[in-house]
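Next come the chains, spelled out residue by residue.
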Amino acid sequence: MRKEFHWLLNEFVSDVKLPIYVTLEGHTRKHIERLFHDHTSSEIAVVVRGQAIHLLENRQIGDRRNNYALERVAIQKGDVLVIHPGVTHCYDRTDEFELLNIVYDTRQLAFPHLDCFDMPFFHVLFPQGTPADPAEQARPVMQLDDEQLNAVLLQAQRLQNEITSGRAGNLFVSMTLFLECMAMISRYLPQKEKEPEERRANFLIGAAISFMVRHYAEKITLDRLAKQVNMSTRNFCRHFRNATGSSPMEYLNHIRLTHALLMVQDSRVGIEEIAGLCGYCDNSHLYRQFRAVYGVSPREYRQGKRAAAEHRSPSPAGIIELSGGVK
């Protein structure tokens, strides 16, 4: 009989914490075989030890009875997988198999991108448009050697320790360590050197994104953004899409919705206030954008969160102590 469940990041991370979760599976007990699951968040899975079969449903290929094609890919120590929301997958033949998982919600992580998209792999970690098709997500995106694998494990341990520390500046330091980990993995993929003019354009796009992050609550137009970086509107839109995979206004909406979601989760902020605080011209505009991305209205989301909190039981899974290195 098939085993399947829906993996929710908010069952492991409280509303006042960063939407990031780190765990090592198969370290103290065998990794459960053929436990199909999907995510509301993105996941980096690094094979720390052993080998297994990665099974992933390709819902682009199927019949009227929802019998989908099943991608089967052999994976081994050092392989790195990146799985985004909307994909159902599991692992099989997991004897001696150990997996590092770093789970994160791109919708709730806003940060200045600067020239990070000079690293092509960053597009894989933070897709601004539609993520890679399921067949591609079934396969490893890179393989780490032992030295690189040890470095990633050490950085993941530092991130995990900070997330659970409760010290002053915990959110800031956790975000810094997370981005450092993402940059580390991205740089392990060979990079194509960019022309100086293209590097300068990407840096200016990063400056425009920083401006959006600081001023998202204000009225922002394409002309205003282009003037911030001394570009024509046409060149600005072209360079922005090349760097991020989306238009400037799509990206701005992503930032605004990220903040709107956090405010909806905070019951002290009235639903009617959120539109103005996030830069939307009226409530109906916020409701349309919110429903398009999250599938429910802000009010329905808040009611659902409250109901889930009242009925939530302690999760059987937790953060497992990471091993000291590659075995």
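Residues numbered from 1 in each chain as written. Predicted model: local features only at pLDDT ≥ 70, side-chain atom pairs only at ≥ 80, totals over all residues. Heavy atoms only, no water.

1. Topic: the environment of Asn170
Stated precisely, the cut-off is as follows: Starting at the N terminus, helices and strands are each numbered in turn, a helix being any DSSP run of H or I of at least four residues and a strand any DSSP run of E of at least two. Here's how the labels work: a residue is buried when its accessible area is under 20% of the maximum for its type, exposed when over 50%, partly exposed in between, all with a 1.4 Å probe on protein chains only. Here a residue-residue contact requires only that any non-hydrogen atoms of the pair lie within 4.5 Å. N or O atoms within 3.5 Å of each other form a polar contact, as long as, within protein, one can give a hydrogen and the other can take it, and as long as residues adjacent in sequence are counted only when both atoms are side-chain atoms.
Along the chain, the position of Asn170 falls in helix H4 (residues 170-187). Judged by relative accessible area, Asn170 falls into the buried class, the value being 7%. In sequence terms Asn170 and Leu18 are 152 residues apart; their C-alpha atoms lie 9.4 Å from each other. Once you skip the residues sitting within four places of it in the chain, Asn170 turns out to touch Lys17, Glu162, Ile163 and Ser165. A distance of 3.3 Å separates the side chain of Asn170 from the side chain of Ser165, its partner in a polar contact.

2. Points about the packing of helix H8 (residues 248-265) against helix H10 (residues 283-294)
For clarity, the threshold we go by: Axis lines are fitted through C-alpha atoms, for helices just across the contact stretch, and the angle between N-to-C directions can take any value from 0 to 180 degrees. Orientation labels follow simple angle bins: below 35 degrees gives roughly parallel, above 145 gives roughly antiparallel, 65 to 115 gives roughly perpendicular, and whatever is left gives oblique. Classification convention: Asp, Glu, Lys, Arg as charged; Ala, Val, Leu, Ile, Met, Phe, Trp, Tyr, Cys, Pro as nonpolar; all other residues, Gly among them, as polar.
Between H8 and H10, whose axes approach to 11 Å, the crossing angle comes to 90 degrees. As judged from the angle between their axes, H8 and H10 are roughly perpendicular. The segment H8 lies against H10, with Asn253, Leu257, Thr258, Ala260, Leu261 and Val264 engaging Leu286, Gln289, Phe290, Val293 and Tyr294. Classifying every residue of the contact of H8 with H10 gives eight nonpolar, three polar and no charged.

3. Things to note about the pattern of salt bridges
We count it as follows: We define a salt bridge as a side-chain nitrogen of Lys or Arg found within 4 Å of a carboxyl oxygen belonging to Asp or Glu.
Scanning the model with the defined rule gives eleven salt bridges in all. The salt bridge partner of Glu33 is Lys30, with a shortest N-O separation of 3.2 Å. We classify Lys30 as partly exposed; its relative accessible area is 46%. The closest approach of N and O atoms between Asp92 and Arg34, which form a salt bridge, is 3.4 Å. Note that Asp92 is positioned in strand S8 (residues 89-92) and Arg34 in the loop between strand S2 (20-25) and strand S3 (35-39), a separation of 58 residues in sequence. A cluster of three or more residues bridged by salt bridges with shared partners is formed by Lys30, Glu33 and Asp95.

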